[in-house]
Amino acid sequence: MSEHDIDEALRQAVLRIVRRAIRLGRAQGRTITLARSAAMKPVDVQELDPDTPDGLRRLQAMLRGKTNYYTFAGLGKLSEKNRIHWTALNRPLWRRALLSALILATMFLRAGRLKNRLYRLAGVRLGKDTEIMQGCWLDHFCPELIEIGDNSMLGAFCKISTHAYEGGGKFRLGLVKIGEGCILATGVSLAAIRIGDGVRVMPNATLSPFFARLHPGSLVVPPAPVVTQLPKKTEGRLKAEG
């Protein structure tokens, strides 16, 4: 695979969406925000305008370093008349329709050079001799945020997503980086994640949101871990008890 900075691809996607969010937010009278992580305080995209010196400086600071995803919010609920559909922030309608049609048609092709060429045309970064089986779905939202290394294999009916809509006018945009020599068996589902070389994932495993990173040589076997949200008092008592 040629040199490619997947983090730069994510920064460029966020930059594109910020520009559209500023324009659409002004037109609809909405305050759209951007956050680097769930723990970070959201920032009004109007303060991140890349066409102004101060806005560009703030945006560059937010896009510095490596992160798996960014969160946009404030697009509005279904009942709000000035709601902005989250897909409109990404690309013009004609481009969204074209990518959707290309990805959908490619999904049904058997693994081969033609299939890989079409995915690369859509923006996906595929390494040499990578095989993607029939029925495997690669996200059309931002296909340029998917990178798969040499000699990897994605089984039938895998699902790779570069976005997650959380309802109420809020969505996440993230990168998917899969290393060399990886095998994702049938039915594996994942979103924003970095996977090292030589990773094996057994059938029907769900990696996101349980894993943000898999180290080289890891083996993942379903079911995924169960996460229980503890009451704050109970959580504090357990920490105090060590």
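Residues numbered from 1 in each chain as written. Predicted model: local features only at pLDDT ≥ 70, side-chain atom pairs only at ≥ 80, totals over all residues. Heavy atoms only, no water.

### Considerations on a nonpolar patch on the surface
In plain terms, the rule: Each patch is assembled from residues with relative accessible area greater than 30% and no salt bridge, linking like charges that lie within 9 Å and nonpolar side chains (Val, Leu, Ile, Met, Phe, Trp, Tyr) that lie within 5 Å. All accessible-area figures derive from a Shrake-Rupley calculation using a 1.4 Å probe, and residue coverage is judged against the displayed protein chains alone. A side-chain nitrogen of Lys or Arg and a carboxyl oxygen of Asp or Glu constitute a salt bridge if their distance falls within 4 Å. Starting at the N terminus, helices and strands are each numbered in turn, a helix being any DSSP run of H or I of at least four residues and a strand any DSSP run of E of at least two. Throughout, exposure labels follow a simple rule: accessible area from a 1.4 Å probe, protein chains only, divided by the maximum for the residue type, with under 20% read as buried, over 50% as exposed, and the rest as partly exposed.
Judged by side-chain polarity, M202, L219 and V221 come together as a nonpolar surface patch covering roughly 270 Å² of accessible area. Its location among the elements puts V221 in the loop between β18 (219-220) and α5 (232-240). Given the relative accessible area of 52%, V221 is considered exposed.

### Describing the nonpolar core
The condition is simple: To form a nonpolar core, buried Ala, Val, Leu, Ile, Met, Phe, Trp, Tyr and Cys residues must be joined to one another through side-chain atoms within 4.5 Å. Note on contacts: a residue pair is in contact if any heavy atoms of the two residues lie within 4.5 Å.
Residues V14, L34, F72, L89, L145, F171 and L173 are the most contacted members of the largest nonpolar core, which totals 32 residues. For this core, the elements supplying multiple residues, two or more each, are α1 (6-28), α2 (53-62), β3 (69-73) and β11 (171-174). Considering each element in turn, this core owes the most residues, 11 residues, to α1. In contact with F72, other than residues within four places in its own chain, are V14, I17, V18, T33, L34, L89, G169, K170 and F171. Counting residues in each nonpolar core, the second largest holds 29 residues, with A122, C136, I148 and L154 among its members.

### Observations regarding the pairing of β11
Keep this limit in mind: The pairing criterion for strands is at least two bridges between them, as found by DSSP.
For β3 and β11, the ladder comprises four bridges, and the chain directions are antiparallel. What sits directly across from Y69, in β11, is G174. Pairing geometry for strand β10 (residues 163-165) and β11, over three bridges, is antiparallel. Considered in β11, the bridge of Y165 is made with F171. Counting the residues in the hairpin turn of β10 and β11 gives five residues, including G167, whose phi is positive at 85°.

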